[in-house]
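Spelled out from the first residue to the last, the chains are:
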Amino acid sequence: MITIEGVSKNYGSNKAVDKVSFQANDREILVLLGTSGCGKTTTLKMINRLVEPDSGTIYIDGKNIREQKPEALRKNIGFVMQQAGLFPHYNVAQNIAVVPNLLNWEKKKIESRTLQLLEKLHLTEELLNYFPHELSGGQQQRIGVARALIADTSVLLMDEPFGALDTITKSAIHDEFRNLDELRNKTTILVTHDVSEAFELGHRIGLMDKGQLIQIGSPAEMLYHPVNSFVKDFFAGNRLMLEYKIASVKMVQPYLKKQLKAQERIQNANVWEALQFFSTEHTFNEDYEALLQAFNQYRKLQTV
Amino acid sequence: MTEQQSFWEFIIAQHEKLLLQVGQHLGLTFLSLLLAIAVGIPLGVLISRRRTLSTLVLGSAGILQTVPSIALLGFMIPLFGIGAKPAIIALLIYALLPIIRNTYAGITGVDPVVVEAATALGMNKNQRLFKVEFPLAMPVIIAGIRTAAVINVGVATLASFVAAGGLGEFIFGGISLNNSNMILAGAIPAALLAVMLDLIIGYLQKSTLKTLRRVFYILGVILIATGLYFLFSTKPERKIIAGFTPEFMGRQDGDLGLRSIYGLKLNPLVVSDAIMYEAAYQAKLDLISGYSTDGRIKAFDLVVLEDDKTIFPPYYAAPIIKTRTLKKFPGLEETLNLLAGKINDSIMTNLNYKTELLKQTPEKVAKDFLVSQHLYKKANLGTGETIRIGSKIFGEQYILLEMYKMLIEGYTNYKVETKTGLGGTKICFDALMNDAIDFYPEYTGTGLLVLLKPSEKTIAKVSKDSRQTYAYVQREFKKQYSLQWLKPIGFNNAYALMMRRSQAQELHIRTISELGNYCAEK
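Please read these numbers as outputs of a predicted model, since none were measured by experiment.

Engineer: Quick question: what am I supposed to make of the overall build of chain A here?
Structural biologist: The secondary structure content of chain A amounts to 14 helices and 10 strands. Over its C-alpha trace chain A gives a radius of gyration of 21 Å, about what one expects of a compact globule, namely 19 Å for 304 residues. Its C-alpha atoms put chain A at 60 × 50 × 30 Å along the principal axes. Within chain A, buried positions represent 38% of all 304 residues. Summarising the internal contacts of chain A: among those between residues at least 6 apart in sequence, 69% fall at separations of at least 24.

Engineer: Just checking my understanding: could you explain the overall build of chain B for this structure?
Structural biologist: Across its full length, chain B carries 25 helices and 10 strands. Expressed along its principal axes, the backbone C-alpha trace of chain B runs to roughly 95 × 60 × 55 Å. If you take every contact in chain B between residues at least 6 apart in sequence, the share linking residues at least 24 apart comes to 79%.

Engineer: Got a minute to help me understand the domain arrangement of chain A in this structure?
Structural biologist: Think of interface size as the accessible area that goes away when the parts come together; that is how it is often given. You can read the domains of chain A as domain 1 (2-238) and domain 2 (247-302). Centre-to-centre, using C-alpha coordinates, domain 1 of chain A lies 33 Å away from domain 2 of chain A.

Engineer: Quick question: what am I supposed to make of the environment of Met-208 of chain A here?
Structural biologist: All names here are of chain A. Assignment of secondary structure puts Met-208 in strand β9 (residues 204-209). Along the primary structure Met-208 and Gly-78 are separated by 130 residues, whereas in three dimensions their C-alpha atoms are 23 Å apart. Apart from residues no more than four positions distant in its own chain, Met-208 is found in contact with Leu-32, Leu-33, Gly-34, Cys-38, Gly-39, Lys-40, Leu-213 and Ile-214.

Engineer: Would you take a moment to explain the interface of chain A and chain B for this structure?
Structural biologist: Listed per partner, the contact involves 15 residues of chain A and 13 residues of chain B. Of all the elements in the fold, those that place two or more residues in the side of chain A that touches chain B are α2 (70-75) and α4 (98-102) of chain A. In terms of residue class, the side of chain A that touches chain B is made up of 8 nonpolar, 4 polar and 3 charged.

Engineer: Would you take a moment to explain the sheet that holds strand β3 (residues 287-291) of chain B for this structure?
Structural biologist: The strands making up a sheet associate through backbone hydrogen bonding, with each pair oriented either parallel or antiparallel. Residue and element names in this part refer to chain B. What the 5 strands build is an open sheet, ordered β2-β1-β3-β10-β4; its pairing is mixed. Strand pairing shows two members of the sheet lacking a second neighbour, β2 (269-270) and β4 (302-304), which therefore form its edges. Along the sheet, helix α13 (residues 273-281) makes contact with β1 (242-244), β3, β4 and β10 (495-500), crossing β3 at roughly 135 degrees.

Engineer: How do you make sense of the pairing of strand β8 (residues 187-192) of chain A when you look at a structure like this?
Structural biologist: The side chains of a regular strand alternate between the sheet's two faces. Residue and element names in this part refer to chain A. Where burial is concerned, most of β8 is hidden: 6 out of the 6 residues are buried. Alternating residues of β8 divide into Thr-187, Ile-189 and Val-191 and Thr-188, Leu-190 and Thr-192, and every residue in both groups is buried. Strand direction decides the pairing type here: strand β3 (residues 28-33) and β8, joined by 6 bridges, are parallel. The partner of Ile-29 across the bridge, within β8, is Thr-188. Handedness of the crossover is the feature at issue here: the chain leaves strand β7 (residues 155-159), passes through helix α7 (residues 167-178), returns alongside β8, and the resulting connection is right-handed.

Engineer: Any chance you could explain the nonpolar core here in plain terms?
Structural biologist: Grouped burial of nonpolar side chains is what soluble globular proteins tend to show. If you look at the biggest cluster of nonpolar residues, it comprises 218 residues, and the most contacted ones within it are Leu-91, Val-162, Val-271 and Met-403 of chain B. Ignoring anything within four residues of it in the chain, the contact list for Met-403 of chain B reads Leu-339, Ala-366, Phe-369 and Leu-370 of chain B.

Engineer: What's the story with α13 of chain B in this structure? I'm lost.
Structural biologist: Helical geometry note: an α-helix holds 3.6 residues per turn, so side chains three or four residues apart project in the same direction. All names here are of chain B. Along α13, the residues that are buried comprise Asp-273, Ile-275, Met-276, Tyr-277, Ala-279 and Ala-280. On its buried side, α13 packs onto α4 (69-80), β1, β3, α14 (295-299), β4 and β10. Of the residues flanking the end of α13, it is Ala-283, one or two places downstream, whose phi is positive at about 65 degrees.

Engineer: Would you mind showing me how to read the environment of Gly-186 of chain B here?
Structural biologist: Here Gly-186 of chain B lies in helix α9 (residues 180-206). In this structure the C-alpha to C-alpha distance between Gly-186 of chain B and Ile-11 of chain B, which are 175 residues apart in sequence, comes to 9.9 Å.

Engineer: I keep staring at the domain arrangement of chain B and nothing clicks. Help me out?
Structural biologist: Along its sequence, chain B is carved into domain 1 (2-233), domain 2 (242-309 + 497-520) and domain 3 (317-493). One C-alpha centre belongs to domain 1 of chain B, the other to domain 3 of chain B, and the line joining them spans 47 Å.

Engineer: Even after reading the chapter, I still don't get unusual backbone geometry, so can you show me in this structure?
Structural biologist: Most of the time, phi is negative for any residue but glycine, and the peptide bond is trans. Residues and elements named next belong to chain B. Residue Lys-359 is not a glycine yet carries a positive backbone phi of 60 degrees. Relative to the assigned elements, Lys-359 resides in the loop between α17 (345-356) and α18 (362-372). Using a count of 7 C-beta atoms within 10 Å as the deciding quantity, one classes Lys-359 as exposed. One non-glycine residue, Ser-482, adopts positive backbone phi at about 55 degrees. Secondary-structure assignment places Ser-482 in the loop between α23 (466-481) and β9 (483-485). A tally of 12 C-beta atoms within 10 Å means that Ser-482 is categorised as exposed.

Engineer: I would appreciate a short explanation of the pairing of β7 of chain A in the present structure.
Structural biologist: All names here are of chain A. Of all 5 residues that make up β7, 5 are buried, and the element is covered over most of its length. Bridging between strand β6 (residues 77-80) and β7 involves 4 bridges; their strand directions are parallel. Among the inter-strand pairings, Phe-79 is bridged to a residue of β7, identified as Leu-157. In the sheet, β7 pairs with β8 via 5 bridges, with the strands oriented parallel. Across the sheet, residue Leu-156 finds its bridge partner in β8, namely Thr-188.

Engineer: Would you explain the sheet that holds strand β2 (residues 14-24) of chain A in this entry?
Structural biologist: All names here are of chain A. Here 4 strands make up an open sheet; going across it, the order is β2-β1-β4-β5 and the pairing antiparallel. Every interior strand has two partners, whereas the edge strands, β2 and β5 (63-64), have only one. Where strand β1 (residues 2-11) meets strand β4 (residues 55-60), 5 bridges bridge the pair, whose relative direction is antiparallel. Paired with Ile-2 across the strands is Ile-60, a residue of β4.

Engineer: Please clarify how the packing of helix α2 (residues 15-49) of chain B against α9 of chain B should be interpreted in this entry.
Structural biologist: In helix packing, the relevant descriptors are the interaxial angle and the interaxial distance, both defined with respect to the helix axes. All names here are of chain B. The contact between α2 and α9 brings their axes to 11 Å, and the two run at 40 degrees. Comparing the axis directions of α2 and α9 gives the class oblique. Crossing of α2 against α9: the hand is right-handed. Here α2 contributes Leu-18, Val-22, His-25 and Leu-26 to the contact with α9, which in turn contributes Ala-185, Pro-189, Ala-190 and Leu-193. Looking at the contact of α2 with α9, its residues break down into 7 nonpolar, 1 polar and no charged.

Engineer: Can you help me understand helix α7 (residues 125-155) of chain B in this one?
Structural biologist: Compared with the 45 Å implied by 1.5 Å per residue over 31 residues, the 37 Å span of α7 of chain B between its first and last C-alpha is markedly short. At Met-138 of chain B, α7 of chain B shows its maximal kink, close to 55 degrees; a proline, Pro-139 of chain B, follows between one and four residues later.

Engineer: Quick question: what am I supposed to make of the packing of α17 of chain B against α18 of chain B here?
Structural biologist: Residues and elements named next belong to chain B. Axis separation between α17 and α18 bottoms out at 9 Å; the angle between their running directions is 145 degrees. Pair α17 / α18 crosses with right-handed handedness. Note on element contacts: α18 touches α17 through Pro-362, Val-365 and Phe-369, opposite Leu-351, Lys-354 and Thr-355. Residue composition of the contact of α17 with α18, by class: 4 nonpolar, 1 polar and 1 charged.

Engineer: For this particular structure, what's the right way to read the confidence of the model for chain B?
Structural biologist: The predicted coordinates of low-pLDDT regions are not to be read in fine detail. Taken residue by residue, chain B gives an average pLDDT of 86. The fraction at 70 or more is 95%. For this predicted complex, the interface score ipTM comes out at 0.86, while the overall pTM is 0.71.

Definitions and cut-offs
Residues numbered from 1 in each chain as written. Chains lettered and ligands numbered in written order. Predicted model: local features only at pLDDT ≥ 70, side-chain atom pairs only at ≥ 80, totals over all residues. Helix = DSSP H or I, 4+ residues; strand = E, 2+ residues; numbered from the N terminus. Rg over C-alpha atoms; globule rule 2.2 N^0.38 Å. Buried ≥ 20, exposed ≤ 12 C-beta atoms within 10 Å, placed from the backbone. Contact = placed C-beta atoms within 7 Å. Domains from an automatic or database assignment. Nonpolar A, V, L, I, M, F, W, Y, C, P; charged D, E, K, R; others polar. Pairing = 2+ DSSP bridges. Axes fitted to C-alpha atoms, helices over the stretch in contact; angles between N-to-C directions. Right-handed = clockwise from strand over helix to strand, strands pointing away. Core = buried A, V, L, I, M, F, W, Y, C linked by C-beta atoms within 7 Å. Parallel < 35°, antiparallel > 145°, perpendicular 65-115°, else oblique. Left-handed = near helix turned anticlockwise from the far one by under 90°. Expected span 1.5 Å × (residues − 1). Bend = angle between axes of the 7 residues up to and from the residue. pLDDT = per-residue confidence, 0-100.

Structure, rendered in structure tokens:
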């Protein structure tokens, strides 16, 4: 659990982070969302002391992070960067093994853990001898994630981890990431400017603007109960898609007037995915309309 | 073809000396380079961490780099003496800038994202430096070492000026003796060394870290080997430490004559005349091959040893001029002869001392002297034709030129034009023969050995006695070139062996024979 209390950071007269407080719980992915320059990355980097706050305190599992040496603190925090930040002179195996080597793990333990992660991240073993410049962007980013996960730390920080990827690679990697069991026992904080990424990955979302945390809550709360017009306007552009995405088929099930034909195929999907699927085939036209009606019923109750 | 063969003959005859010089050259280059790496890389790392220091450090290294090498070597003598030590330190200074600058550029040029990644993964400063920054900066750092190595091979030729050996001995000896084979025997290996070092380091630049590590071990061994070599080779016990110019080393009326006629085997060091007086004064050298009228003899309280077996031919100075020119300018001969016999060795030494050490202008020194001799007359506003006087490129000739100018302007109606600083004997003489100048002061010994070059038998015969030498050059110049030697000015600016006065007195040495006896004693 990460607790941030009244943290501020100024660069000259510019307030990069202004009295931000929030908590990130165990086993959750908290997304810090905002436009560039809103202070989200600075806030993230204060948690592993890449940036030192001017005032305020940060606790990890109740311990003030300033009471530890920065190097020791960082070895217990996984970190994924925007451009992967792999070492160009190390091959993939060496890149993944950086932290275990700093922690003096045995060779065998490093090897078996590396292979385990490769499998989970859908990477092949032969990549181990490649150098970063020989990999695609998606592969590099996966290696970056493996490097951050290998020591199985209780905290994982991610700074725009998928920002440099194309849309198709991005959505594939989102799926994998959501289903990654490695994240189950961690507190993960992810920074992004991509609204749909925030909604796809985040259990909770913290929206920041001009160094301040404007609202923090679940995706549904952000959409249906915005605290002010800034929050409302922020999501206005993608609103419809987001609403479909945060509603799962299971949630709208009670409002369905009849049994869907393709019920089994969409059991675990959200409404957006189900509608996408129905719209590809004429035979599902009835299903499409039924689901849409059910969703509209469900939605009416959310905005009350 | 004959030229080429004689070059190979020279190489074969001198191969031992050549190998020694190549060894010394490599030793100097490597030792200074490794020291520069040991100093430069940590400095580069330091300024990459404290950027505020970078301007200061890079600026100072840049300024040191611009100090002319000879001047730098000159500064080194009072601090470090002569031999390998000052040479290595001077070379180290020259190698520093490219190494510091490239280390700094290499480390600050590492992608900040990668550095941040290293920090975020929990590396401390040293881990980051050795695991990330150094490996990534290595190509740039090695490029700096490569530049430094090539610079050092070049500058190491100057090490021969401070008796540190190296290929400069052949190069500068060859230039002084006008011996192209000797120059090439030094210059070609030096160029090859530079190219080879550049290639080897260039290869390393592309190789992996593992090979690099291996190479560093090999370099370490070379360092220790050359270090030991210098430790043992530069300290042979000598009763008298002699330092001779490269030119003196190769001449019959120099070290060769000292060996064959005096039986004097001094095992001398080779130094530049620019620094040898200073080195003698600092007691880094005991015996040097100077010129008998040099002002520094007085300044540094040195004493000239008597050449009791006369191996040094006399170098009496006198103006040389075409017979035709003398007829063209009536009264000129009498005017120039006003100076004849007026300046002896000690007066000339004193005059040189005033210009070289007291920094008086040649005009002032010339005028003061003429006034003291009651020869000075105020200059006429000449209306006649112009006489052009030439001089070689050292102080004594400038003083003589000023005196002749004042005399001509005072005693005749001719106008005077001066052409100072004509490189060497050959240039002055050609200028005279081609009527670019009308006369210049020349030395009888130079006329004999450099211009006439008669057989060795003739040289031996006529060089024993100054009058015979003068008579011989006078006769031969008239015959061969239609040139006149006017009356000698009086002083003899010959080669001379000299020591510190205090040491010479202590050891009771006045002549070269006595020096030989002292050295022969056990």
